[in-house]
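Analysis of the macromolecular model
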Amino acid sequence: MVVVEAYHLLLEAEEVHPPLVVVEEVEEVHTGKWRSDGFSEHVINAHIQEVPENAADVAHLDQVHGPFLIQGVDLRTTNLPSFFSQVRHGWTAAWEALPPPEEHIGVLRLSHFMTIFGCRVPLTTINVEARQIGPSVVHLHFQHAIFGKGVLLQELTPIEPLLLRMTHQVWVSRWMPWFIGKLFLLGEYHQVERDIMIWNNKRYVSKPMLVKEDELIKKHRRWYNQFYSENSPRYTADRNSLDW
């Protein structure tokens, strides 16, 4: 795939050595068994580490991503009482780093479901395994009991310091109804817009004060640190300079 090849070139351009991360192929996409049902793109004002770190911040899921999509993307109003405020997205999630030889991969296992007045709605469960491969590629595999499987491919490309381009492309099995893949992409698009409102207004803190519930963030930062080298430009070293 062109995206994967471009990502390898990006890694090799930073320093002169073979790429340390090989992005795995999604067989169903590579062989043409699945079709593409849409593409989205965002430009984000954030430190590159903020986006993948979202996977370890499981505590934010209910507050940020719990309100029904119809509630919008403005976090100042999504949790206000309304006719739809009793319809919510529910989440269970856990993140872990894989052991060698796949230590460059972090995995978020997520289960999504809908509730109405606190009661779980049948057949709304979507099981997700999001594989963070290296510093900026995610393969988000999802499965529904009736509609089957698909994958959302996420790529994160630095444009300049603290300015990122994020893309998503959804691929689904060819027998899946066309609107299901597009609905999944639409839902992802709106949920990402909620995250972007935070990223665009968030200050990156290299050594934050974390509570017990944020333990996964500390683990994720230790894991992500492997993608920096001695020659990698650091925000912490240059934040007071205009020489970026």
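What counts and what doesn't
Residues numbered from 1 in each chain as written. Predicted model: local features only at pLDDT ≥ 70, side-chain atom pairs only at ≥ 80, totals over all residues. Heavy atoms only, no water. Helix = DSSP H or I, 4+ residues; strand = E, 2+ residues; numbered from the N terminus. Buried < 20%, exposed > 50% of the residue type's maximum accessible area, 1.4 Å probe, protein only. Contact = heavy atoms within 4.5 Å. Areas by Shrake-Rupley, 256 points an atom, 1.4 Å probe, with all protein chains shown as cover. Arc of directions from axis to C-beta. Core = buried A, V, L, I, M, F, W, Y, C linked by side-chain atoms within 4.5 Å. Salt bridge = Lys/Arg side-chain N within 4 Å of Asp/Glu carboxyl O. Pairing = 2+ DSSP bridges. Expected span 1.5 Å × (residues − 1).

For the protein, the count of helices and strands is seven helices and eight strands. Put simply, the protein has 244 residues, and 44% of those count as buried. If you take every contact in the protein between residues at least 6 apart in sequence, the share linking residues at least 24 apart comes to 58%. Here the protein displays about 14100 Å² of accessible surface, and carbon together with sulfur accounts for 59% of that area.

Taken together, the buried positions of helix 6 (residues 215-224) are occupied by L216, I217, H220, R221, W223 and Y224. The arc that holds every buried residue of helix 6, seen down its axis, measures 160°, which confines them to one face. Considering only its buried residues, helix 6 is in contact with helix 3 (50-53), strand 2 (87-97), strand 3 (105-116) and strand 5 (126-133).

The biggest cluster of nonpolar side chains holds 22 residues, and the ones touching the most others in it are W95, V128, L140, F142, L152, V170 and F184. Counting residues per element, the ones that place at least two in this core are strand 3, strand 5, strand 6 (137-144), strand 8 (163-173), helix 5 (178-199) and helix 6. With residues up to four places along the chain from it excluded, the contact list for F142 reads I126, N127, V128, G148, K149, G150, V151, L152, V170, W171, V172 and F184. Formed by nine residues, the second largest nonpolar core is a distinct cluster that contains I44, A46, L156 and M166.

With that settled, the discussion passes to the environment of V43. Relative to the helices and strands, V43 resides in strand 1 (residues 34-44). The class for V43 is partly exposed, based on a relative accessible area of 46%. In the structure, V43 is positioned 120 residues away from L163 in sequence and 7.1 Å away in space, judged by C-alpha atoms. Ignoring anything within four residues of it in the chain, the contact list for V43 reads I159, L163 and L164.

One pass over the structure, following the stated rule, counts 11 salt bridges. D37 serves as the salt-bridge partner of R35, at 2.9 Å between the closest nitrogen and oxygen. By relative accessible area, R35 is classed as buried at 16%. Note that R131 is salt-bridged to E102, the shortest N-O span being 3.8 Å. In this pair, R131 is assigned in strand 5 and E102 in the loop between strand 2 and strand 3, connecting sequence segments 29 residues apart. With relative accessibility at 14%, the residue R131 sits in the buried group. One connected set of salt bridges, linked through shared partners, spans E24, E96, E102, R109, E129 and R131.

With that out of the way, let us pick up the pairing of strand 8. With nine of 11 residues buried, strand 8 lies mostly within the body of the structure. Relative to strand 8, strand 7 (residues 148-160) is paired through 10 bridges, and the arrangement is antiparallel. When the bridges of strand 8 are listed, T157 appears paired with R165.

Attention now goes to the environment of W171. Turning to its location among the elements, W171 is positioned in strand 8. When the C-alpha atoms of W171 and L152 are compared, they prove to be 6.3 Å apart, with 19 residues separating the residues in sequence. The contacts of W171, once residues within four sequence positions are left out, are V29, W34, R35, S36, F142, G150, V151 and L153.

On to helix 5, then. Between its first and last C-alpha atoms helix 5 spans 32 Å; for 22 residues at 1.5 Å apiece the expected length is 32 Å, and the two agree. Buried residues of helix 5: I180, G181, F184, L185, G187, E188, Q191, V192, R194, D195, I196 and W199, and no others.

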